[in-house]
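# A structural walkthrough
Single-letter residue listing:
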Amino acid sequence: MKIIKQGKSKEELEAILKAEKRFECSTCGCVFTANNDEYRYEEDYIYSNYYCKCPNCGRNAYQLKER
């Protein structure tokens, strides 16, 4: 196997995975943060999404992308 481009180090990956993420519920408009043990991750061929249960209404809220 030949590495074309080196990825992030193990320490950098652990910091990213442990990071707190910000979510916004599209149902009730609640904006909140959650730790890595509170949110889930789903991935398809193109996108990866973080989601968490909204503490206000209980529906799935997705990560608020920073602009």
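Everything that follows concerns the structure shown earlier in this document.
Residues numbered from 1 in each chain as written. Predicted model: local features only at pLDDT ≥ 70, side-chain atom pairs only at ≥ 80, totals over all residues. Heavy atoms only, no water.

## Some words on the nonpolar core
- One finds F23, C25, F32, A34, Y39, Y50, C52, C54 and A61 forming the largest nonpolar core, which totals nine residues.
- Secondary structure elements with two or more residues in this core: β2 (31-34) and β4 (48-53). (Core = buried A, V, L, I, M, F, W, Y, C linked by side-chain atoms within 4.5 Å. Buried < 20%, exposed > 50% of the residue type's maximum accessible area, 1.4 Å probe, protein only. Helix = DSSP H or I, 4+ residues; strand = E, 2+ residues; numbered from the N terminus.)

## Focus on the sheet that holds β4
- Read from one edge to the other, the open sheet built from five strands follows the order β2-β1-β5-β4-β3, with strand pairing classed as antiparallel. Strands at the two margins of the open sheet, each flanked by one partner only, are β2 and β3 (40-43). Here the average twist between neighbouring strands, direction ignored, is 40°.
- Here β4 pairs with strand β5 (residues 60-63) via three bridges, running antiparallel. The partner of C52 across the bridge, within β5, is A61. (Pairing = 2+ DSSP bridges. Axes fitted to C-alpha atoms, helices over the stretch in contact; angles between N-to-C directions.)

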